[in-house]
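Chain by chain, the residues run as shown.
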Amino acid sequence: MKQKSEPRQSSSSTLIKHVLLGLIVFLALFCLYYGSFLAPHSPKLHDQDSTLDPFVGSFVDDPGYKLQPEDVDSLVPKSIPICDMAHSELIPCLDRNLLYQLRLRPNLTLMEHYERHCPPQERRYNCLIPPPIGYKIPIRWPASRDEVWKANIPHTHLALEKSDQHWMVLNGDKINFPGGGTHFHDGADKYIISIARMLKCPGDKLSNGGNIRTVLDVGCGVASFGAYLLSHDIIAMSLAPNDVHENQIQFALERGIPSTLGVLGTKRLPYPSRSFDLAHCSRCRIDWLQRDGILLLELDRLLRPGGYFVYSSPEAYAQDPENRRIWNSMYGLLRRMCWRVVSKKDQTVTWAKPLSNSCYLKRESGTQPPLCSSGDSPDKAWNVSMRACITPYSPKMHKGKGSGLLPWPQRLTTPPLRLEEIGISAEEFQLDTSTWHFRVGEYWSLMKSVLQRNTLRNVMDMNSNTGGFAAALNDKDVWVMNVASVNNGSKMKIIYDRGLIGTVHDWCEAFSTYPRTYDLLHAWMVLSEVLERGCSLEDLLIEMDRILRPRGFVIVRDHPSIVNYVHKYLTALHWDDWVTEVEPRVDSLSTSEERVLIARKRLWRDGIAAS
């Protein structure tokens, strides 16, 4: 009996094994299909050369594959996933959750946790950032200087914490900004006038006849100082980290005030040398004496010859032993750096940087901090570590004893001296300026049917070249964040010499700003450059959507194949509220055939267009 039953047992066992194996294969195929379909990342341009990533269950680029120009005509998705509402304020390269996920160990004392740490390709959120519940189209400038919708930035802790300092006040469905600050409770306008009087500026105007134009405000709070500088014909780069007051820059940008996220940590700020006429710190909580004064030396790199540092802090006036110790050490360091006290009154002291190298040459041998070596380029500013040394002037600037810049607004259209450092002639500069004046006129003609008064305030030029686009907008009530790519970072010095502001950036990474902060993005040949570098066009489009406000505009000026590709994405990105596309006139900046696409972003909620 046993001999006859054994074959039946074996046959039954084999059958069970085949059934189980079939189920396993079926489940594997099921998970593969639905894992890719439901993944938070949308397909890349070259899905046929992508592989499934086990971490997020989505397609990622084959590292050995280089994107080709013809790939821009490949299939694009009909829709892009919506991110979870928990990511409505996501800043990918300043996401501290990423630090924990990647198990990074930043030095908290050196503020490394506030510096940029971008997610690797496989950890990017390739989804659209949703607006918060109840989001409204922002209040328009100039009213926005003094009030914003609470629903757009639903954070009230700053209003409660800083109520005695008049930073901001809750008022029903709005948040009001009285213009106060930690040091200037009675208003930034009065504080600015007091600084102007300290510097003996004519008419109590801090612009000093147009000689003070660009300002760096570190630890700016909600940027009320920068807001009130605008009436003095001064534009400030208001800078603060995403720290315990994490929404301060978000409030500043919602108000329509030039500002950005950044920190004085271990890396140079992304601006070239001699960019600012004045630097300002009002209770900015920075330890200026750390690491042999490296943070003050970074300010020294950024200030122009004769530039001012306005410092309002207890160390400048308090008489207790600790504050006296800090003041004496800071005073000694700045004297060795050849800075001099211009004025000291009440709680504020103002220093001035030397006009030439004369003082440096008179210092005794071995004096600290040392001069930087000739091989150190002070204009390299993207992902470059700070140097604990003094940046001397070039022989030409030393001889001229100053920056050689004309007062504002003449400096906007006058060829700056540093043009020769980047190999551009005065004639090329003037031609660029006139060409962009014409181009901007064409843009506005195309948009005149949908542009209303004060529709635009925060504008970004994603490839600023020498600033011609921003200069052409000078007669409009907007401000422009000029962006120079890492390959053209040397041109950013020309932006600042014209009295404009901007930053160096790598468009293969996310920009350091909150979602929904710009009304207009101008992308001239940006996508072509990203494509040539082998980075993802889709990632860039999703990043552009992140920083673009609902009802904001995108102007893409690029090769026809690139524009065709972007056009296919308009519906998926909700950029189809209004669209126009033209072939522009050939001009002095045209290197090949171009197309111009202008699109407006819808206001949507839960993936559905809102009324």
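What counts as what
- Residues numbered from 1 in each chain as written.
- Predicted model: local features only at pLDDT ≥ 70, side-chain atom pairs only at ≥ 80, totals over all residues.
- Heavy atoms only, no water.
- Axes fitted to C-alpha atoms, helices over the stretch in contact; angles between N-to-C directions.
- Helix = DSSP H or I, 4+ residues; strand = E, 2+ residues; numbered from the N terminus.
- Parallel < 35°, antiparallel > 145°, perpendicular 65-115°, else oblique.
- Left-handed = near helix turned anticlockwise from the far one by under 90°.
- Contact = heavy atoms within 4.5 Å.
- Nonpolar A, V, L, I, M, F, W, Y, C, P; charged D, E, K, R; others polar.
- Salt bridge = Lys/Arg side-chain N within 4 Å of Asp/Glu carboxyl O.
- Buried < 20%, exposed > 50% of the residue type's maximum accessible area, 1.4 Å probe, protein only.
- Pairing = 2+ DSSP bridges.
- Right-handed = clockwise from strand over helix to strand, strands pointing away.
- Disulfide = S-S within 2.5 Å.
- pLDDT = per-residue confidence, 0-100.
- Expected span 1.5 Å × (residues − 1).
- Core = buried A, V, L, I, M, F, W, Y, C linked by side-chain atoms within 4.5 Å.
- Domains from an automatic or database assignment.

A. Main features of the packing of helix 16 (residues 537–547) against helix 17 (residues 560–573). For the pair helix 16 and helix 17, the least separation of the axes is 11 Å and the interaxial angle reads 50 degrees. With respect to helix 17, the element helix 16 is oriented oblique. The handedness of the crossing between helix 16 and helix 17 comes out as right-handed. Residue-level contacts link L537, E538, L541 and D545 of helix 16 to I562, Y565, V566, Y569 and L573 of helix 17. By residue class, the composition of the contact of helix 16 with helix 17 is seven nonpolar, no polar and two charged.

B. Looking closely at the pattern of salt bridges. Summed over all chains, the structure comprises 32 salt bridges. The residue R304 makes a salt bridge to D277 at a minimum N-O spacing of 2.9 Å. Taken together, the positions of R304 in strand 10 (residues 303–312) and D277 in strand 9 (residues 276–282) put the pair 27 residues apart, joining distant regions of the chain. Across this residue pair, the class does not change: R304 and D277 are buried. A salt bridge links E594 to R439, with the shortest nitrogen-to-oxygen separation between them at 3.7 Å. In this pair, E594 is assigned in the loop between strand 18 (578–582) and strand 19 (595–600) and R439 in helix 12 (residues 426–447), connecting sequence segments 155 residues apart. Like R439, E594 is buried.

C. Summary view of the pairing of strand 6 (residues 214–218). Among the five residues of strand 6, five are classified as buried, and the element is accordingly described as predominantly covered. Burial along strand 6 is two-sided: T214, L216 and V218 facing one way and V215 and D217 facing the other are all buried. The pairing of strand 6 with strand 7 (residues 235–240) spans five bridges and is parallel. Looking across to strand 7, one finds that V218 is bridged to L239. For the handedness criterion, the β-α-β arrangement of strand 6, helix 5 (residues 224–229) and strand 7 is classed as right-handed.

D. Focus on the state of the cysteines. In this structure the tally under the stated criterion is six disulfides. Across a sulfur-sulfur distance of 2.1 Å, C338 and C359 are joined as a disulfide pair. Disulfide C338-C359: the torsion about the S-S bond is -80 degrees, which places it as left-handed. Here C338 is found in the loop between helix 8 (321–336) and strand 11 (340–345), whereas its partner C359 is found in helix 9 (residues 358–362), with 21 residues between them in sequence. C338 gets classed as buried once you look at its relative accessible area, which sits at 9%. Given a relative accessible area of 32%, C359 falls into the partly exposed group. Paired through a disulfide, C508 and C535 show a sulfur-sulfur distance of 2.0 Å.

E. Geometry of the environment of T350. You can see T350 is positioned in strand 12 (residues 348–352). With relative accessibility at 0%, the residue T350 sits in the buried group. Here the alpha-carbon distance between T350 and W339, two residues 11 residues apart in the chain, equals 10.0 Å.

F. How the structure looks around the environment of Y565. Among the secondary structure elements, Y565 is positioned in helix 17. Exposure remark for Y565: the relative accessible area of 0% places this residue in the buried category. Remark: the alpha-carbon pair of Y565 and E538, spanning 27 residues in sequence, is separated by 9.7 Å.

G. Representation of the confidence of the model for the protein. Looking at the protein, the pLDDT average stands at 87 and 85% of residues meet or exceed 70. Of the regions scoring below 50 in pLDDT, residues 29–67 engages in 73 contacts with residues more than four places distant in sequence or in other chains.

H. Main features of unusual backbone geometry. In this chain, Q368 is followed by P369 through a cis amide linkage whose omega measures 0 degrees. Its place among the elements puts P369 in the loop between helix 9 and helix 10 (395–400). The omega torsion of the bond from W408 to P409 falls at 10 degrees, within 30 degrees of zero and hence cis. Along the chain, the position of P409 falls in the loop between helix 10 and helix 11 (410–413). In the Ramachandran plot, D233 falls in the positive-phi region, its phi being about 60 degrees despite a non-glycine side chain. Considering the arrangement of structural elements, one finds D233 in the loop between helix 5 and strand 7.

I. Helix 12, seen in detail. Counted at 1.5 Å a residue, the expected span for helix 12 with its 22 residues is 32 Å, and the 32 Å between its end C-alpha atoms agrees. Listing the buried residues of helix 12 in full gives F429, D432, T433, T435, W436, R439, V440, Y443, W444 and M447.

J. Spatial organisation of the nonpolar core. Counting 142 residues, the largest nonpolar core has L206, L216, W288, F309 and M460 as the members making the most contacts within it. In terms of residue count, the dominant contributor to this core is helix 17 (eight residues). In this structure, this core is formed jointly by two domains, domain 2 (185–359 + 366–400) and domain 3 (419–601), each of which donates at least three residues. Ranked by size, the runner-up nonpolar core spans nine residues in total, among them V148, W167, I175 and V222.

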